[in-house]
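# Chain and residue survey
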Amino acid sequence: MKLLVTGAQGMLGRDLVRLAATRNVEVWPTDLAEAGSAPDGRLDVTDQPGLKAAIDTFRPDAIAHLAAMTNVDDCERFPERAYLVNTVGTENLALLCARHDLPLVYISTGSVFDGTKADPYHEFDDPAPLSAYARSKWQGEQIVRTLVPKHFVLRAGWMFGGGPEDKKFVAKMIDRVRSGGSLRAVDDKFGSPSYTVDVSQRCLEVLDTDRYGTYHSANEGCCSRYEMARAIVDFAGLEADVQPCSSAEFPLPAPRPRQEGMVGLHAKLVGLPAMRPWRDSLREYIQSTLIDVSG
Ligand SMILES: NC(=O)c1ccc[n+]([C@@H]2O[C@H](COP(=O)([O-])OP(=O)(O)OC[C@H]3O[C@@H](n4cnc5c(N)ncnc54)[C@H](OP(=O)(O)O)[C@@H]3O)[C@@H](O)[C@H]2O)c1
């Protein structure tokens, strides 16, 4: 299979490209900056003629669309840019997939929900996005469903991964402890951690099927940021006192749902394997990747 990947230099993209290459998949990694494909891996999803030319040149069998404006607070400050990249960029790809009858994997987010449900969200719950980022991704989902018969909408949760290039929550927590800082993490926001390797695995798994539709693609289980921070310190073998705090202490431009935990009900009902518990994946990530390179 020939798979064109957008956003291939991102946290998820790097793992998807690496994993796909081990699975008899011929990958065409593309991104805003050059992403390693010959003749040129540069591809801006807002550039419709560029996308058309790339598909005509590479002739992929499927597309994995990961590219997005992912900084939630920047999306709130610059909503027009968020809708251009996340919604119209997705529409550009969806139109081409429809024209060429290509399967499209679109990575979305658990933050499409408003967080008022007490239990984790499943695929049959109704989204009600709170932020510009979440709205731009939800609109992207709807466009994909409308235009592309062979679509897979995969909603990821709090993503972690990236190895040596990790600059997100896991690496930040470890760096802060190592530099002698104290650790505080909010205990009033809940979500489902999602390991980039496991989300990539799910992406390749669904492409082997014709069970098109929406799949929650987070690791099993939910936690608060505080619980996740404690697990990070524990798995990294660090000594640190982690203090819980309230999100009200950190006002941010974009509203976040109180609860964006997810469960993969659709995958279960159609017989796809469950994703691992988040603690197993987080332990593996920290102990096999992060500690080795930075410890
Ligand atoms: N991170 C999370 O917690 C999370 C959770 C749920 C879902 N998701 C979704 O998962 C996907 C991958 O996320 P990620 O964390 O890997 O994001 P990421 O690290 O920010 O990677 C996204 C990549 O897309 C590129 N990009 C931005 N605008 C583009 C454009 N117009 N054309 C082509 N490429 C463009 C970015 O380039 P620059 O860096 O140069 O801008 C970056 O390399 C996204 O669709 C995101 O919405 C993420």
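Summary of the structure given here. Position numbers for residues count from 1 along each chain, tracking the sequence in the order it is written. Totals for whole chains, interfaces and linings use all residues, but because this is a predicted model, local features are given only for residues with pLDDT of at least 70 and pairs of side-chain atoms are given and counted only at 80 or more. Side-chain numbers come from the whole structure's heavy atoms, not from hydrogens or water.

## Side note on the environment of D188
We apply this condition: Counting from the N terminus, the helices are the DSSP runs of H or I reaching at least four residues and the strands are the DSSP runs of E reaching at least two. Throughout this description, buried means an accessible area under 20% of the type-specific maximum (1.4 Å probe, protein chains only), exposed means over 50%, and partly exposed covers the range between. Only heavy atoms matter for contacts: two residues are in contact if any of them lie within 4.5 Å across the pair.
Looking at where D188 falls in the secondary structure, it is placed in the loop between β7 (183-186) and β8 (190-191). For D188, a relative accessible area of 23% puts it in the partly exposed group. As for D188 and A229, which are separated by 41 residues in sequence, their C-alpha atoms are 13 Å apart. Filtering out sequence-adjacent residues up to four positions away, D188 remains in contact with C245, S246, S247 and R258.

## Details of the nonpolar core
Rule in force here: Buried residues of nine kinds, namely Ala, Val, Leu, Ile, Met, Phe, Trp, Tyr and Cys, make up a nonpolar core once their side-chain atoms join them within 4.5 Å.
Counting residues in each nonpolar core, the largest one holds 27 residues, and the members touching the most others are L3, V5, A64, V105 and L154. In this structure L3 touches V25, E26, V27, W28, A62, I63, A64, L204 and L207, once residues within four positions along its chain are discounted. Residues W28, A94, Y133 and V153 belong to the second largest nonpolar core, which totals 26 residues.

## A short note on the site of the ligand
For clarity, the cut-off: Here a residue counts as near a molecule or strand whenever at least one of its heavy atoms sits within 4 Å of it. In protein, a polar contact requires one atom able to donate a hydrogen and another able to accept it; more generally it is a pair of N or O atoms within 3.5 Å, and residues adjacent in sequence count only if both atoms are side-chain atoms. Here, Shrake-Rupley sampling with a 1.4 Å probe gives the accessible areas, and only protein chains in the shown set may cover a residue.
Taken together, 23 residues form the shell around the ligand, and within it D31, D44, T70, Y133 and K137 come nearest. Here T70 contributes a side-chain N or O atom positioned 2.7 Å from an oxygen atom of the ligand. Between an oxygen atom of the ligand and a side-chain N or O atom of Y133, the distance comes to 2.7 Å. Compared with its free state, where it exposes 890 Å², the ligand has 80% of that area covered by protein.

## Considerations on the packing of helix α2 (residues 48-58) against helix α4 (residues 79-100)
Cut-off, in case you're wondering: Only the stretch in contact is used when a helix axis is fitted, and all axes are lines through C-alpha atoms; the angle between N-to-C directions ranges over 0 to 180 degrees. Crossing handedness follows the turn of the near helix against the far one: under a right angle anticlockwise gives a left-handed crossing, and clockwise gives a right-handed one. Amino acid classes used here: Ala, Val, Leu, Ile, Met, Phe, Trp, Tyr, Cys and Pro are nonpolar; Asp, Glu, Lys and Arg are charged; the rest, including Gly, are polar.
Between α2 and α4, the least distance of the axes is 10 Å, while the angle of their chain directions is 35°. The interaxial crossing formed by α2 with α4 has right-handed handedness. Between α2 and α4, the residues in contact are Q48, L51, K52, I55 and D56 and N92, L93, L95, L96, R99 and H100, respectively. A per-class count over the contact of α2 with α4 returns 5 nonpolar, 3 polar and 3 charged.

## Quick word on the sheet that holds strand β11 (residues 223-224)
Heads up, the condition is: Paired strands, as defined in this entry, are two strands with at least two bridges between them according to DSSP.
Taken in spatial order, the 3 strands make up an open sheet running β11-β8-β13, and their pairing is mixed. Sheet topology places β11 and β13 (259-260) at the edges, where each strand pairs with a single neighbour.

## Details of unusual backbone geometry
A positive phi angle is found at N24, which is not glycine, with a value near 65°. As for its position among the elements, N24 is in the loop between α1 (11-21) and β2 (26-29). At D101, a position not held by glycine, the phi torsion is positive, near 55°. Mapped onto the fold, D101 is located in the loop between α4 and β4 (104-109).

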